[in-house]
Amino acid sequence: MDPEPWNAQPGRLVEDLLTWLTGDQWQLTAAAASAPDNAPAPIATADDVMLLSGGMDSLCGAADHLADGRSRIHLSHYDASTAIRHAQTTAVSWLNTRATQPIRHLALKVCQTGTPREASSRSRSLLFAALASTVAASASSPHVIVPENGFTSINPPLTAARGGALSTRSTHPGTFARLNQLLTTLSLPIHISNPYAYLTKGQLLTRAHQRTDGGVLAATAATLSCSKLDGARYTGGNPNHNCGLCLACLVRRAAFTDGPYPDPTPYLVDTLADDARGNLLRRRRRDMRDIQQLLLTGIDDTDLLAVGDVPLDTDIDAVMDLCQRGLQELSRVPLP
């Protein structure tokens, strides 16, 4: 396979994207690679490819689009975590109970074949986007849909010390702008977008709840939002449970305060016995303190710039309004 395009402008765009995602400086040199021994099976055409991560937003996005009549591939990354795989398969099973015909679901895996040299997963969104773009190109699909609430996508820093790449940029508008520029430079007619960029998690849940006559609510219990997912560390803990206290879990819990319906999720903080629960509270002390600080100080446009630049066509006023609505949802979550 010819490495030369990747040693030109496309390679420089990937370097910029990796620097944006990780906060590190990157210099890439492409090397020739041999074609795989077995050609992949052909993929039937589709109108679009939608990511199905196993999270609550991806389930709600799939539910919201379920009756739009489009030919769609729901794409998951086959994760090493059994909890994530369980969340993905449960989501697919529920979607199939609602669909007029079985949904098309692909679970593909991208991994290092040798000893990992990078312990973090800061650049995983690039791998997922590359996987989705590859599937879309194979299926002659012009569109990749990434369902994610806008508050999490903007991911305003909780404190001044958590700005920049320390606030995850996986679905930030700046990430999509860079990805789409790369696809255009490669002459690939594919566009990556998030249709929920101006909705909070609560509003996305409410939308899916209304679209399914409430049917999505029970299905959300099996989805994963937790950014820690360390239930196995605690005596009596369940590794498949969201912790309930990290930032991602608090935003999840806040989503259920947007409407008159209960949160069906079993959280570690609600299921652990006293000593184990105390251990969890100690491990999450900083998360809770930073959330309280964020609610106290609020968010302004300077905080948004601390995350990174946004595309020129971004409606900053709408983003600021989104952040205020996200904070309102968070303020209704009781902290221990």
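Our structure is the block above this text.
What counts as what
Residues numbered from 1 in each chain as written. Predicted model: local features only at pLDDT ≥ 70, side-chain atom pairs only at ≥ 80, totals over all residues. Heavy atoms only, no water. Phe/Tyr/Trp six-rings, centres within 6.5 Å; stacked < 30°, edge-to-face > 60°. Lys NZ or Arg CZ within 6 Å of the ring centre and 35° of its normal. Core = buried A, V, L, I, M, F, W, Y, C linked by side-chain atoms within 4.5 Å. Buried < 20%, exposed > 50% of the residue type's maximum accessible area, 1.4 Å probe, protein only. Helix = DSSP H or I, 4+ residues; strand = E, 2+ residues; numbered from the N terminus. Contact = heavy atoms within 4.5 Å. Axes fitted to C-alpha atoms, helices over the stretch in contact; angles between N-to-C directions. Parallel < 35°, antiparallel > 145°, perpendicular 65-115°, else oblique. Nonpolar A, V, L, I, M, F, W, Y, C, P; charged D, E, K, R; others polar. Salt bridge = Lys/Arg side-chain N within 4 Å of Asp/Glu carboxyl O.

(A) View of the packing of aromatic side chains. If you walk through the whole model with that rule in mind, you get zero aromatic pairs. Seen from the ring of Trp20, Arg169 lies directly overhead, with NZ or CZ sitting 4.0 Å from the centre. When the ring centre of Tyr267 is taken as origin, the NZ or CZ atom of Arg253, which lies over that ring, is 5.8 Å away.

(B) The nonpolar core, seen in detail. Judged by nonpolar contacts, the single largest core of 27 residues is most densely connected at Val49, Leu75, Leu126, Val144, Leu179 and Ile192. Of all elements in the fold, only α1 (9-22), β1 (48-51), β2 (72-77), α4 (124-138) and α6 (173-185) reach the threshold of two or more residues within this core. Excluding residues that lie within four positions of it along the chain, Ile192 makes contacts with Ala129, Ser133, Val144, Val146, Phe176, Leu179, Asn180 and Leu183. Counting residues in each nonpolar core, the second largest holds 24 residues, with Met50, Met56, Leu59 and Leu205 among its members.

(C) Representation of the packing of α1 against α6 in the model. Interhelical geometry of α1 versus α6 gives an angle of 170° and a closest axis separation of 10 Å. Regarding the angle of α1 to α6, the classification is roughly antiparallel. On the side of α1, the interface is formed by Gln9, Pro10, Leu13, Val14, Asp16, Leu17, Trp20 and Leu21, while α6 contributes Gly174, Thr175, Arg178, Leu179, Gln181, Leu182 and Thr185. Of the residues belonging to the contact of α1 with α6, the class tally is eight nonpolar, five polar and two charged.

(D) Local environment of the pattern of salt bridges. In this structure the tally under the stated criterion is 13 salt bridges. For the salt bridge of Arg286 with Asp290, the shortest nitrogen-to-oxygen distance reads 3.5 Å. Taken together, the positions of Arg286 and Asp290, both in helix α12 (residues 285-297) and four residues apart, correspond to about one turn of that helix. In this structure, Asp321 engages Arg325 in a salt bridge whose closest nitrogen and oxygen atoms are separated by 3.0 Å. With Asp321 and Arg325 both in helix α14 (residues 316-331), this residue pair falls four residues apart, about one helical turn. Shared partners join several salt bridges into a network, and the residues in it are Asp48, Asp68, Arg70 and Arg72.

(E) Region of the structure containing unusual backbone geometry. Notably, Asn155 is not glycine yet its phi reads approximately 50°, a positive angle. The buried category is assigned to Asn155, whose relative accessible area is 14%. The residue Ser187 is not glycine, and still its phi comes out positive at about 60°. By the secondary structure assignment, Ser187 is in the loop between α6 and β5 (191-193).

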